[in-house]
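# Architecture and fold: a report
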Amino acid sequence: GKLGDLQNVNMLLGHAEASGVESDTIMLNSLIDAYINCGAFDSAQEVFEFMTNPTVEYNNFSIEYPILFDPSRCPVPSKRTYNIFLKGLANRGMLAEAKQLANEMETRNVWDHVTTNTLVQAAVKAQDFNAVEDILELYTAPATSTKRDGSHPNAEAYTTAVDGLAKSGEMTKALELLKKMKLRGVEPNEFTYTCLVGALAKNKKVDQAKKMLAYMKSLGLRPRVVTYNAFISGLVHHDSAFYDQFYD
């Protein structure tokens, strides 16, 4: 559980301090990430603030772990430092704070596709779909941009947005965003279509869901187990007569 994981993180931190280990950027990035994953946001924020503003006199970590958190040897924050903490804000739906941090990242020239994807996640979590569209319109990477696997770096952001709209009952807007996604050169993937298949089934649009499955296959995208699970999960919200349409 999160409490047990948090105790282990603090135990390891204590061992590192007792051993005279000097922290580096990778170590503190991992610590911020660990605290976020354990639900200890305040601790994550304190480590982040230490890295980005080590001149601040009062810091619990500097007092408890004076070797690891020595302001005179503070590791320089990296692009990943900012993106990890941005993820923590996004997970909590803290959109205003996430935007403020993202603006700072843009000023420091450390904004990348991960920033865009995470900021969209924050906006979806806050159910601010106008902000979602603004972010995607401004920060979608060029169509020629690709990740190592050949996918567009912002496919995740669009999928998150499509999923958020669909789950909020905004199917028309979700499908419109799918069109915009393609026009902007961001190729939808199997996860994008899976979100739509499940939402269509849940909204009693079984024929459209079937067509979406067929369309996926025509594009060479193989529906995964999760795709069929989403379809079936959508159907079980309805009565058995409606559910039987899946087997026609």
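This report concerns the structure included in the present document. It should be emphasised that the depicted structure is a prediction, and the values quoted were computed from it without experimental measurement. (Residues numbered from 1 in each chain as written. Predicted model: local features only at pLDDT ≥ 70, side-chain atom pairs only at ≥ 80, totals over all residues. Heavy atoms only, no water.)

## What about the overall build of the protein chain?
A tally of regular secondary structure across the protein chain gives 14 helices and 0 strands. When its helices and strands are written in sequence order, the protein chain yields α-α-α-α-α-α-α-α-α-α-α-α-α-α. On the principal axes, the C-alpha backbone points of the protein chain span a range of 70 × 40 × 30 Å. The proportion of buried residues among the 248 residues of the protein chain is 44%. Considering only intrachain contacts with a sequence separation of at least 6, the fraction spanning at least 24 residues in the protein chain is 59%. Surface exposure of the protein chain reaches about 13400 Å², of which carbon and sulfur atoms provide 51%. Mean positive and mean negative side-chain charge positions of the protein chain (25 and 30 charges, respectively) differ by 10 Å. (Helix = DSSP H or I, 4+ residues; strand = E, 2+ residues; numbered from the N terminus. Buried < 20%, exposed > 50% of the residue type's maximum accessible area, 1.4 Å probe, protein only. Contact = heavy atoms within 4.5 Å. Areas by Shrake-Rupley, 256 points an atom, 1.4 Å probe, with all protein chains shown as cover. Lys, Arg positive; Asp, Glu negative; His and termini not counted. Charge placed at Lys NZ, Arg CZ, Asp CG, Glu CD.)

## Details of the nonpolar core
Counting residues in each nonpolar core, the largest one holds 71 residues, and the members touching the most others are Y35 and F69. Residue contributions to this core peak at 7 residues, all from helix α9 (residues 155-167). Dropping the residues within four chain positions of it, Y35 is found in contact with L6, V9, N10, L13, A40, F41, S43, A44, V47 and F61. (Core = buried A, V, L, I, M, F, W, Y, C linked by side-chain atoms within 4.5 Å.)

## Quick notes on the packing of aromatic side chains
Applying the stated criterion across every chain, the model contains 10 aromatic pairs. Taking the centre distance of 4.4 Å and the plane angle of 10° together, the rings of F48 and F85 count as stacked. Of the two residues, F48 is situated in helix α3 (residues 41-52) and F85 in helix α5 (residues 79-91); the sequence distance between them amounts to 37 residues. With respect to burial, F48 and F85 carry one shared label: buried. Between F61 and Y65, the aromatic rings sit 6.2 Å apart at their centres with planes inclined by 25°, giving stacked as the arrangement. (Phe/Tyr/Trp six-rings, centres within 6.5 Å; stacked < 30°, edge-to-face > 60°.)

## Quick notes on the pattern of salt bridges
Counted under the stated rule, the structure contains 8 salt bridges. In this structure, E133 and K180 form a salt bridge, with 3.8 Å as the shortest nitrogen-oxygen distance. Here E133 is found in helix α8 (residues 129-139), whereas its partner K180 is found in helix α10 (residues 171-183), with 47 residues between them in sequence. A residue is classified by how much of its surface remains accessible, and E133, at 18% relative accessible area, is buried. With a shortest N-O distance of 3.2 Å, K167 and D163 are connected by a salt bridge. Of the two residues, K167 and D163 both sit in helix α9, 4 residues apart, roughly one turn of that helix. With a relative accessible area of 19%, D163 lands in the buried category. A network of salt bridges, in which partner residues are shared, links E22, D70 and R73. (Salt bridge = Lys/Arg side-chain N within 4 Å of Asp/Glu carboxyl O.)

## Let's talk about unusual backbone geometry
Backbone geometry follows two general trends: most residues other than glycine have a negative phi, and most peptide bonds adopt the trans configuration. The backbone phi angle of N109 is positive, close to 60°, even though this residue is not glycine. Along the chain, the position of N109 falls in the loop between α6 (95-107) and α7 (113-125). Positive phi outside glycine occurs at Q127, with the angle close to 60°. Considering the arrangement of structural elements, one finds Q127 in the loop between α7 and α8.

## A look at the packing of helix α11 (residues 190-202) against helix α12 (residues 206-218)
Running from N to C, α11 and α12 cross one another at 165°; their axes reach a closest spacing of 8 Å. When the axes of α11 and α12 are compared, the pair comes out roughly antiparallel. Where α11 crosses over α12, the two elements pack in a sense that is left-handed. Residues E190, Y193, L196, V197, L200 and A201 of α11 touch α12, and the partners they reach there are V206, Q208, A209, M212, L213, Y215 and M216. Taken together, the residues of the contact of α11 with α12 break down into 11 nonpolar, 1 polar and 1 charged. (Axes fitted to C-alpha atoms, helices over the stretch in contact; angles between N-to-C directions. Parallel < 35°, antiparallel > 145°, perpendicular 65-115°, else oblique. Left-handed = near helix turned anticlockwise from the far one by under 90°. Nonpolar A, V, L, I, M, F, W, Y, C, P; charged D, E, K, R; others polar.)

## Topic: the side chain of N29
When you line up the elements, N29 lands in helix α2 (residues 25-37). Each residue touching N29, except ones within four places of it in the same chain, is listed here: M51, S78, R80, T81 and I84.

Purely geometric numbers; function is a separate question.
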